[in-house]
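The residues making up each chain are set out below.
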Amino acid sequence: MKWWHLTLWISMLGIAGVQADLSPEAWHSEQLPTAGTGANRWYIRPDLTNSPNLIVKNASKQKFLNATPPVWDDANATNASISGQGVYVPRSDGGGYLVAPNGTASLKVMVIGPNGAGTVETIDNYGGGYTAISAALEPASANLTRNERLHVAYVRGGSILGYARRSGTGANPWILPPLEYTANLGFPVSSTAVVPATDTSVNLYFTLTQSGVTTLKRAQPTTVNGFLLVTNKNFNPLVDLEQFVQVPLCGTRIGNTDRVYYVGSGGNPSATSWKFRRWLGSGSDGEGQTVEDNLGATLAVGSIHAAISPDDGIQRVAWYNNTTKNVHYLKPTAPGVDYLVAAGHPITFSGASSDLLGFQFDSSGRPYLLYQTTNSKGYVAFPTDDFDFNANGRPDLLDSALGSTTARLEALPVAPAAAGVANSADRFKFRLPTVGSALWSGGNTLVSNSSNLTYAFELSEDGETWESPADAETTISFTKTAESGTDRTYVGVVNTPAPGEFTSRFARLRVSRTKYPY
C-alpha cells in the first residue's frame, strides 16, 4: 500500500472519482524510443527484479530499453535476426523468448538471456505465412525449470492450426507435427491461446470462422505412435466451447484452471450487446462466465492482457476497446477476492494502429500498461502517485488527494486558548483543504471510498518518531464545515493532549491509497 506525507510543525501546518487510482488524470504516459523508421513494436521484458524493461524492434533493427521510471533509457540499435513481429514470453531468470515470423517462410524464436544477448532458433519452416501467434511456458515442476519448455501456437496460411513445443535440449529442440499431419481446418483461424499444464497436457484455444459465425474451440495436442498431432477426429477431436465470439483471445493458467479471456455473446445469436467473458476450464470440463456486460451492439476489440499483482497474488486484466478508444481495467471486487469486475478506464488513446501491447506489475505493485497509437509512437502508462510530474516538491498523490497543487493544512486556534498562546498547548486544531467525497464515520481518519484514499493524522514530539492517534491513545474528531456536490471541507480537533512540549511538537497528514488499489 502506497502512502505519502509531509511533516508539519504546529506553528505552520502544511501537508506532506470512478476510483481515482484508475482515472486518467491519475496516470501518466511516457513516450518511448523507436528502433528506427518503419513499423515498430514494443514488448515488455521484465528483469529479475520485475522492472518493466522493454524491447522495441522493426523489420531490421532492435533495441533493449532499460526502465528507470518515469524514464525508459534509449539504447543503440542492433541488427534484428527476425523480421516480423510476434509475442514475448519472459523467463524467471530475467531472459525470455521473442517468437515471430521471419517473412512468410518460417517461424522463429529469439532466445534472450538475462543480459540481453540472444540466439535464434527455427520453430517451423513449412512456409505460407504465420499469424495469430501465442506462446507460454509450462509451470515449473520438480524436474523442469520454468525457463525450459516453451509452447507455441500459431496459424499458418490462414487456416492451418500450428503447435510446437521446445524440449529444452539438443541442437534442434523443437517438436511439431510432421507436414503430412498438418491440421488444415479449411476455414479462417484468427486467434490462438496456448495454455500448457505439462508437456503432454496442453489446451490450445482458438477461434474459427465458418458461414459468418466465429466459434471458440479447443484442441488438445497429443502424441500418437511417436507423432505429435494437433487434432485428429479419432484421437483428439476438436471441442466447440462457445459460438458468436470475437477475436482475440488471452489464455492463462492459475493453479489447475485455465482462464481464457475473450469477447462474446454468451453463445446467444440474438444477443443485442457484447460481453467480456472468460472461459474457466480444467481438463475436459469448463464454463463461460460474463465478467463485463452491456458493451454495446457494435464493438471492436483490441488486445487483451492479464497480469498478477504481487500485492495479493490475484490476476488483473486490461483490454483495449477500439470503439470507445479506452482501456478497460478489471480488478478483484474486494481485497483477497479472486473475482474480477470492471474498475475503470485509466487511459484513452487513438491512432492509426492503436492497441494495448502489454500489462505488467513491478515488484512494488505498480502497474504498467504498454500501448501504441501508431507504428512509430509507443507509450508506457502508469500511476503518477509516487512521482512529482508537476515539480511542486511533493508526490502527485498529495495533489490528487487535496485537489490542488498548492493546498495545505491550516492551523486554527483551539478555544479557549492558553493565555498569550495562539494555539492551545495541549491540543491541535486544523482545517483540511476541500477534499472530494471523503467521509468521517468515527475513528481518527477520513476515508474516500470512491477515490480509494485515506486521510490520517499523526503526531510527534521530535519530528522523527511518529505516533498514530491509536498508538498515542489520542482521539480526533472531524466536523464538516462546507459541502458542494461531492466536495467537502473538514476541521479536525485533537481531543486529548498531544505528545511533547508546545515548543517541540509536530503533526502530519498521512495520505494513502486503500489496500490493493490496482
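Everything below is about the structure shown above.
Conventions and cut-offs
- Residues numbered from 1 in each chain as written.
- Predicted model: local features only at pLDDT ≥ 70, side-chain atom pairs only at ≥ 80, totals over all residues.
- Heavy atoms only, no water.
- Helix = DSSP H or I, 4+ residues; strand = E, 2+ residues; numbered from the N terminus.
- Areas by Shrake-Rupley, 256 points an atom, 1.4 Å probe, with all protein chains shown as cover.
- Contact = heavy atoms within 4.5 Å.
- Polar contact = N/O pair within 3.5 Å; in protein donor to acceptor, adjacent residues only side chain to side chain.
- Pairing = 2+ DSSP bridges.
- Axes fitted to C-alpha atoms, helices over the stretch in contact; angles between N-to-C directions.
- Buried < 20%, exposed > 50% of the residue type's maximum accessible area, 1.4 Å probe, protein only.
- Core = buried A, V, L, I, M, F, W, Y, C linked by side-chain atoms within 4.5 Å.
- Phe/Tyr/Trp six-rings, centres within 6.5 Å; stacked < 30°, edge-to-face > 60°.
- Lys NZ or Arg CZ within 6 Å of the ring centre and 35° of its normal.
- Salt bridge = Lys/Arg side-chain N within 4 Å of Asp/Glu carboxyl O.

Participant: Would you mind going over the overall build of the protein with me for this structure?
Facilitator: What the protein contains, in helices and strands, is one helix and 42 strands. By element, 49% of the accessible surface of the protein is carried by carbon and sulfur atoms, the whole surface being about 21,400 Å².

Participant: Even after reading the chapter, I still don't get the environment of Ser191, so can you show me in this structure?
Facilitator: Residue placement: Ser191 occurs in strand β18 (residues 189-198). Counting along the chain gives 25 residues from Ser191 to Leu216, while the straight-line C-alpha distance between them is 9.4 Å. Apart from residues lying up to four places away in sequence, Ser191 is in contact with Ala132, Tyr205, Phe206, Thr207, Val247, Pro248 and Leu249. Reaching out from Ser191, the side chain makes a polar contact with the side chain of Thr207 at a distance of 2.8 Å.

Participant: What is the right way to look at the sheet that holds strand β23 (residues 239-243) in this model?
Facilitator: The strands making up a sheet associate through backbone hydrogen bonding, with each pair oriented either parallel or antiparallel. One open sheet holds the four strands; their spatial order is β18-β19-β20-β23, and the pairing between them is antiparallel. Because the sheet does not close on itself, it has two edges, and the strands there are β18 and β23. Between one strand and the next, the sheet's axes are offset by a mean angle of 20 degrees, whatever the strand orientation. The pairing of strand β19 (residues 201-210) with strand β20 (residues 213-219) spans seven bridges and is classified as antiparallel. Considered in β20, the bridge of Phe206 is made with Lys217.

Participant: Looking at this structure, I do not really get the side chain of Arg394. What am I missing?
Facilitator: Residue placement: Arg394 occurs in the loop between β34 (377-383) and α1 (396-402). Residue Arg394 is classed as buried on the basis of its relative accessible area of 5%. In this structure the side chain of Arg394 is engaged in a polar contact, spanning 2.7 Å, whose partner is the side chain of Asp399. Within polar-contact distance, the side chain of Arg394 engages the backbone oxygen of Ala407 at 3.0 Å.

Participant: Sorry if this is basic, but what is going on with the nonpolar core here?
Facilitator: A general tendency of soluble globular proteins is for nonpolar side chains to be buried together. Formed by 23 residues in total, the largest nonpolar core has its most connected members in Phe430, Leu432, Leu446, Tyr455, Phe457, Phe478 and Val511. Formed by 19 residues, the second largest nonpolar core is a distinct cluster that contains Ala307, Tyr320, Ile347 and Leu369.

Participant: Would you mind going over the sheet that holds strand β9 (residues 87-90) with me for this structure?
Facilitator: Taken together, four strands build an open sheet; the order of strands is β9-β10-β11-β12 and the sheet is antiparallel. Two strands lie at the open edges of the sheet, namely β9 and β12 (118-124), each paired on one side alone. Here the strands of the sheet are splayed against their neighbours by 25 degrees on average, with no regard to which way each runs. Direction of pairing for β9 relative to strand β10 (residues 96-102): antiparallel, over a ladder of four bridges. Its bridge partner being in β10, Pro90 is matched across the sheet by Gly96.

Participant: What exactly am I supposed to notice about the packing of aromatic side chains here?
Facilitator: Aromatic ring pairs are defined here through the distance separating the ring centres and the angle between the ring planes. Considering all chains together, one arrives at 14 aromatic pairs under this definition. Relative to Phe478, the ring of Trp440 lies with its centre 6.0 Å away and its plane at 65 degrees, an arrangement referred to as edge-to-face. Of this pair, Trp440 sits in the loop between β37 (435-436) and β38 (445-448) while Phe478 sits in strand β40 (residues 476-484), and the two are 38 residues apart along the sequence. On the accessibility criterion, Trp440 (32% relative accessible area) is partly exposed. Through a chain of ring-to-ring contacts, the aromatic side chains of Tyr320, Phe349, Tyr371 and Tyr379 assemble into a single cluster. In this arrangement the basic side chain of Arg91 is found over the ring face of Tyr97, its NZ or CZ atom lying 5.2 Å from the centre.

Participant: How should the pattern of salt bridges be read in this particular structure?
Facilitator: As a working rule, side chains carrying opposite charge can pair if their charged atoms are close by. In total, this model carries 17 salt bridges according to the counting rule given. Across the salt bridge formed by Arg91 and Asp93, the nearest N and O atoms sit 3.2 Å from each other. Assessed through its relative accessible area of 11%, Arg91 is described here as buried. Note that Arg316 and Asp312 form a salt bridge whose closest N and O atoms lie 2.8 Å from each other. Judged by its relative accessible area of 1%, Arg316 falls in the buried class.

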